[in-house]
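Architecture and fold: a report
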Amino acid sequence: MTQHESKITDPKVVVEGVSKHFMRRDEELPVLEDIDLAVKPGEFVCILGPSGCGKSTLLNIVAGFEKPSAGRVTIEGEEVTGPDPRRVFVFQEYGIFPWASVWDNVALGLRNMTDKRKQQETVEHYINLVGLGGFESSYPRELSGGMKQRVEVARALAVSPDVIYMDEPFGALDSLTRLTMRAELIRIWQAEEKTILFVTHDVDESIQLAERIVVISDRPGRIAEVVDVDLPHPRDLGSPEYGQIKNRLYELLGVSNVV
Ligand SMILES: Nc1ncnc2c1ncn2[C@@H]1O[C@H](COP(=O)(O)OP(=O)(O)O)[C@@H](O)[C@H]1O
Ligand SMILES: [Mg+2]
């Protein structure tokens, strides 16, 4: 545990001594080594590192899709042994159903809700929250990439999760849409007070979003440093503080001499 983390008194998510190797042919491929991390309730944490350093593997372990080779993950003190409906995962590839309308896609996780009026209200609330009011009856083929990703975010929020995992969710979007989506996500995060673990390889994305950035070194992935981003939203991308954090992240990623 870093000094900062040992000060977190009531953590939501705790990763303790997590290591992971995969078997490749007959050889062990070490992917993650001794990861310790504590996330506060309502915190927005980015996991940043180069491609292949094990970010997705780490998120999959925390979400319960993969088992660690060593160590463990607990959420509110309860060990994670598999996926849990209280937590949702937002992927990079659109996970929405092409044959279902925006409304039906968002309502997907609420099928078993017996109070239909409440269901209607919930779906409407999240469609409006992500800025898709008026598109309820549209189908995914009629939407832009950014709008599809908004549907996915609305669907994730509608089930009222306490933790949201996002694995490069805006990676397939063009750079302008990506900027808009980041701002939207921050607005939603502030309104809904969810705990968010967000994986990215994009330095700017991590500084725009996170309260803390967990920098993972190249394989086998270890925590190089946890960088605090103590800047108010919306963040001024031209401020000296922003520049300092950016330089530090590049340094940690070992690319400071090329930019
Ligand atoms: N199921 C798997 N079996 C074997 N190797 C895997 C598996 N999943 C990931 N890897 C390997 O682990 C490393 C880290 O992958 P990943 O976590 O996807 O990295 P990142 O998300 O940081 O790009 C890569 O070398 C990848 O090939
Ligand atoms: Mg990945």
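Just so it is clear, the structure is predicted and the values come from calculations on it, not from any experiment. What you see as residue numbers is a count from 1 along each chain, following the sequence as written. Chain A is the first chain written and ligand 1 is the first ligand written, with later ones labelled in order. A pLDDT threshold of at least 70 governs which residues receive local features in this predicted model, and a stricter bar of 80 or more applies before side-chain atom pairs are shown or counted, although totals over entire chains, interfaces and linings include all residues. Side-chain measures here rest on the full set of heavy atoms in the structure, leaving out hydrogens and waters.

1. Topic: the environment of proline 98
Looking at the secondary structure, you find proline 98 in the loop between β6 (87-90) and α3 (102-107). Measuring from C-alpha to C-alpha, the distance between proline 98 and glutamate 142 comes to 9.9 Å, with 44 residues separating the pair along the chain. Contact partners of proline 98, with chain neighbours within four places excluded, come to Tyr139 and Pro140. Elements are defined by DSSP. Helices are runs of H or I of four residues or more, strands are runs of E of two residues or more, and each kind is numbered from the N terminus. Contacts: residue pairs with any heavy atoms within 4.5 Å of one another.

2. Observations regarding the sheet that holds strand β5 (residues 78-79)
One open sheet accounts for four strands, arranged β2-β1-β4-β5; its pairing is antiparallel. Single-partner strands in this sheet number two, and they are β2 (27-39) and β5. Bridge count for strand β1 (residues 13-24) against strand β4 (residues 70-75) is five bridges, and the pairing is antiparallel. Opposite valine 13, over in β4, you have isoleucine 75 as the bridge partner. Across the sheet, helix α2 (residues 55-63) lies against β1, β2 and β4, angled at about 120 degrees from β1, the strand it touches most. Two strands pair if DSSP finds at least two bridges between them. Angles run from 0 to 180 degrees between N-to-C directions of axes, and those axes are lines fitted to C-alpha atoms, restricted for helices to the stretch in contact.

3. Here we look at the nonpolar core
Phe44, Phe198, Ile213 and Leu249 are the most contacted members of the largest nonpolar core, which has 50 residues in total. Counting residues per element, this core draws most heavily on helix α5 (residues 145-158), which supplies seven residues. Once residues lying within four places of it in the same chain are set aside, the contact partners of phenylalanine 44 are Leu185, Ile186, Trp189, Ile196, Phe198, Leu209, Ala210, Glu211 and Arg212. The criterion is simple. A nonpolar core is a set of buried Ala, Val, Leu, Ile, Met, Phe, Trp, Tyr and Cys residues joined through side-chain atoms within 4.5 Å. Think of it in three bands: residues with accessible area under 20% of the maximum for their type are buried, residues over 50% are exposed, and the middle band is partly exposed, with areas taken using a 1.4 Å probe on protein chains only. Counting 28 residues, the second-largest nonpolar core is a separate cluster that includes Val31, Val39, Ile47 and Tyr165.

4. Examining the pattern of salt bridges
Side-chain pairs of opposite charge can arise whenever the charged atoms involved come near each other. Salt bridge, as used here, is a side-chain nitrogen of Lys or Arg placed within 4 Å of a carboxyl oxygen of Asp or Glu. What the rule picks out here adds up to 20 salt bridges. A salt bridge links lysine 20 to glutamate 66, with the shortest nitrogen-to-oxygen separation between them at 3.7 Å. Here the residue lysine 20 occupies a position in strand β1, and glutamate 66 occupies one in the loop between α2 and β4, the gap between them amounting to 46 residues. For glutamate 66, a relative accessible area of 27% gives the class partly exposed. Among the charged side chains, a salt-bridge network with shared partners connects Lys12, Glu76, Glu78, Asp84, Arg86, Arg87 and Asp162.

5. A word on the site of ligand 1
Near residues are defined by distance, with any heavy atom within 4 Å of the molecule or strand qualifying the residue. Around ligand 1, the surrounding shell consists of Phe22, Arg24, Val31, Pro50, Ser51, Gly52, Cys53, Gly54, Lys55, Ser56, Thr57 and Arg219. Side-chain polar atom of arginine 24 to an oxygen atom of ligand 1: 3.0 Å apart, as the coordinates give it. One of the backbone nitrogen or oxygen atoms of glycine 54 is found 3.0 Å away from an oxygen atom of ligand 1. To be clear on the numbers: accessible area is Shrake-Rupley with a 1.4 Å probe, and residue cover counts the displayed protein chains and nothing else. Burial of ligand 1 by the surrounding chains reaches 67%, relative to a free accessible area of 560 Å². Polar contact criterion, stated in full: a pair of N or O atoms within 3.5 Å, where within protein one must be able to donate a hydrogen and the other to accept it, and residues adjacent in sequence count only if both atoms are side-chain atoms.

6. Considerations on the pairing of strand β7 (residues 163-167)
The element β7 is extensively covered by neighbouring structure, given that five of its five residues are classed as buried. Residues of β7 alternate between two faces, with Val163, Tyr165 and Asp167 on one and Ile164 and Met166 on the opposite face, all of them buried. As judged from the four bridges shared by β6 and β7, these two strands associate in the parallel manner. Its bridge partner lying in β7, arginine 87 is registered against valine 163. Here β7 pairs with strand β8 (residues 195-200) via five bridges, running parallel. Directly across from methionine 166, in β8, lies its bridge partner phenylalanine 198. You can see the chain leave β7, run along helix α6 (residues 175-192) and come back into β8, and the turn it takes is right-handed. We call a crossover right-handed when, viewed with the strands running away from us, the connection from the first strand over the helix to the second turns clockwise.

7. Describing the side chain of arginine 182
Inspection of the secondary structure assignment puts arginine 182 in helix α6. The exposure class of arginine 182 is buried, given its relative accessible area of 6%. One polar contact links arginine 182 to glutamine 208, side chain to side chain, over a distance of 2.9 Å. Ignoring sequence-local partners within four residues, the contact set of arginine 182 consists of Phe170, Asp202, Asp204, Glu205, Gln208 and Leu209.

8. Quick word on empty space enclosed by the protein
Space inside and on the surface of the protein is sampled on a 1 Å grid over the protein atoms alone, with a cavity defined as a set of points where a 1.4 Å probe fits but cannot get out and a pocket as an open set with protein on both sides within 12 Å along at least 5 of 7 lines; lining residues have an atom within 4 Å of a point. Grid points are joined across faces, edges and corners, and a volume is the space filled by probe spheres set on the points. With the rule as written, the count across this model stands at three cavities of 30 Å³ or more. Of the volumes computed, that of the largest cavity is approximately 60 Å³. Contributing to the lining of the largest cavity are Val90, Val153, Ala156, Leu157, Ile164, Met166, Leu185, Ile188, Trp189, Glu192, Lys194 and Ile196. Sorting the residues of the lining of the largest cavity by element identifies α5, β7 and α6 as the ones contributing at least two each. Top element by residues in the lining of the largest cavity is α6. It accounts for four residues. Under the scheme applied here, ten amino acids are nonpolar (Ala, Val, Leu, Ile, Met, Phe, Trp, Tyr, Cys and Pro), four are charged (Asp, Glu, Lys and Arg), and all others, including Gly, are polar. Here the residues of the lining of the largest cavity sort into ten nonpolar, no polar and two charged. Estimates place the volume of the second largest cavity at around 50 Å³. Around the second largest cavity sit Val130, Arg150, Val153, Phe170, Met181, Glu184, Leu185 and Ile188, which together line it. Listed by contribution, the elements that provide at least two residues to the lining of the second largest cavity are α5 and α6. At four residues, the largest contribution of residues to the lining of the second largest cavity is made by α6. Of the residues that constitute the lining of the second largest cavity, the class distribution is six nonpolar, no polar and two charged.

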